[in-house]
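What the coordinates show
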Amino acid sequence: SGPELAPAEFAAWFEKRNAVNRYFASLGYEHINLNRKTWCEGPYGREQQLANQPPPNHRNWLTTNATARLFTEIVTGRAVTLERSRQMLELHARQPFDPEGNGQSREYTGAVLPPGAKLWSKAGWMSEVRHDAAYVELPTGEKFILVTFTVGHSKDKEIIPAVAKTVIEGLTSEEK
């Protein structure tokens, strides 16, 4: 967000915002739009200027597959450059056992992690969707990316921890 820009400046800003969309298109992900933040009550700041652009719709639109791919690119150091990937991953570092930590640490995938696990997460909810994109390192050595998007369950705080618990149990079961 930010103040409105003059047309030439806005075009340059918009071109940069669409770089990730072009990257995803090159990987075969169609109809992905990361060039703006999600919003429930309408655009704000510079997003208002973007919303007034002609179609296609410029609302944020992701799939679980594209989100998992983006997190994978960050975790493996292939998102832009290795250094940029590390910076992006660090922005998502969470302390899952900190009682004073934010909701991303305690209310989503982090809610069911065993002691000693490490978590990087981008979680939240909107009017209809509860979501979490998490990279987890378990103390047993297993590492995984878990992306969960729900539709129509935004108020169900237990759904993402339940999915994460099932995945963790599957990874750590003795019957592997």
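Just above sits the structure.
Residues numbered from 1 in each chain as written. Predicted model: local features only at pLDDT ≥ 70, side-chain atom pairs only at ≥ 80, totals over all residues. Heavy atoms only, no water.

A word on the environment of glutamate 30. Relative to the elements of secondary structure, glutamate 30 occurs in the loop between helix H2 (19–26) and helix H3 (46–51). Between the C-alpha atom of glutamate 30 and that of threonine 63, which follows or precedes it by 33 residues, the distance is 10.0 Å. (Helix = DSSP H or I, 4+ residues; strand = E, 2+ residues; numbered from the N terminus.)

To continue, consider the pairing of strand S4 (residues 143–149). Relative to S4, strand S3 (residues 130–137) runs antiparallel, the two being bridged by seven bridges. Following the sheet pairing, tyrosine 135 is matched in S4 by isoleucine 145. (Pairing = 2+ DSSP bridges.)

Right, let's get into the pattern of salt bridges. Evaluation of the coordinates by the stated rule reveals four salt bridges. A salt bridge links glutamate 169 to lysine 165; the nearest nitrogen and oxygen atoms lie 4.0 Å apart. Of this pair, glutamate 169 and lysine 165 both sit in helix H7 (residues 159–172), four residues apart, which is roughly one turn of that helix. A network of salt bridges, in which partner residues are shared, links Arg69, Glu73 and Arg78. (Salt bridge = Lys/Arg side-chain N within 4 Å of Asp/Glu carboxyl O.)

Taken in spatial order, the four strands of this open sheet run S1-S2-S3-S4, and their pairing is antiparallel. Single-partner strands in this sheet number two, and they are strand S1 (93–94) and S4. Judged from the eight bridges that link them, strand S2 (residues 118–125) and S3 form a sheet pairing that is antiparallel. If you follow tryptophan 125 over to S3, its bridge partner there is arginine 130. Packed on one face of the sheet, helix H4 (residues 64–75) meets S2, S3 and S4 and runs near 150 degrees to S4. Running at roughly 150 degrees to S4, H7 makes contact with S3 and S4 of the sheet. (Contact = heavy atoms within 4.5 Å. Axes fitted to C-alpha atoms, helices over the stretch in contact; angles between N-to-C directions.)

Our focus in this paragraph is H7. Its 14 residues give H7 an end-to-end C-alpha distance of 20 Å, which sits within 8% of 20 Å, the value for a rise of 1.5 Å per residue. The set of residues buried in H7 consists of Ile160, Pro161, Ala164 and Ile168. Along the axis of H7, the buried residues cluster in a sector spanning 90 degrees; they form a single face. If you follow the buried residues of H7, they end up packed against S3 and S4. (Expected span 1.5 Å × (residues − 1). Buried < 20%, exposed > 50% of the residue type's maximum accessible area, 1.4 Å probe, protein only. Arc of directions from axis to C-beta.)

The next subject is the packing of helix H1 (residues 7–17) against H2. Direction vectors running N to C along H1 and H2 enclose 35 degrees, while the axes themselves pass 4 Å from each other. Counted together, Glu15, Lys16 and Arg17 of H1 and Ala19, Val20, Asn21 and Arg22 of H2 form the full contact between these two elements.

Counting ten residues, the largest nonpolar core is built from Leu113, Ala117, Leu119, Ala134, Val136, Leu138, Phe144, Leu146, Ala164 and Ile168. In contact with leucine 138, other than residues within four places in its own chain, are Leu113, Pro114, Ala117, Phe144, Ile168 and Thr172. Counting residues in hydrophobic clusters, the runner-up holds eight residues, among them Leu89, Ala133, Tyr135 and Val147. (Core = buried A, V, L, I, M, F, W, Y, C linked by side-chain atoms within 4.5 Å.)

As paired elements, S1 and S2 share two bridges and run antiparallel to each other. Bridge assignment links alanine 93 to a residue of S2, and that residue is tryptophan 120. Taken together, S2 and the strand that follows it, S3, pair antiparallel across an intervening segment of four residues.

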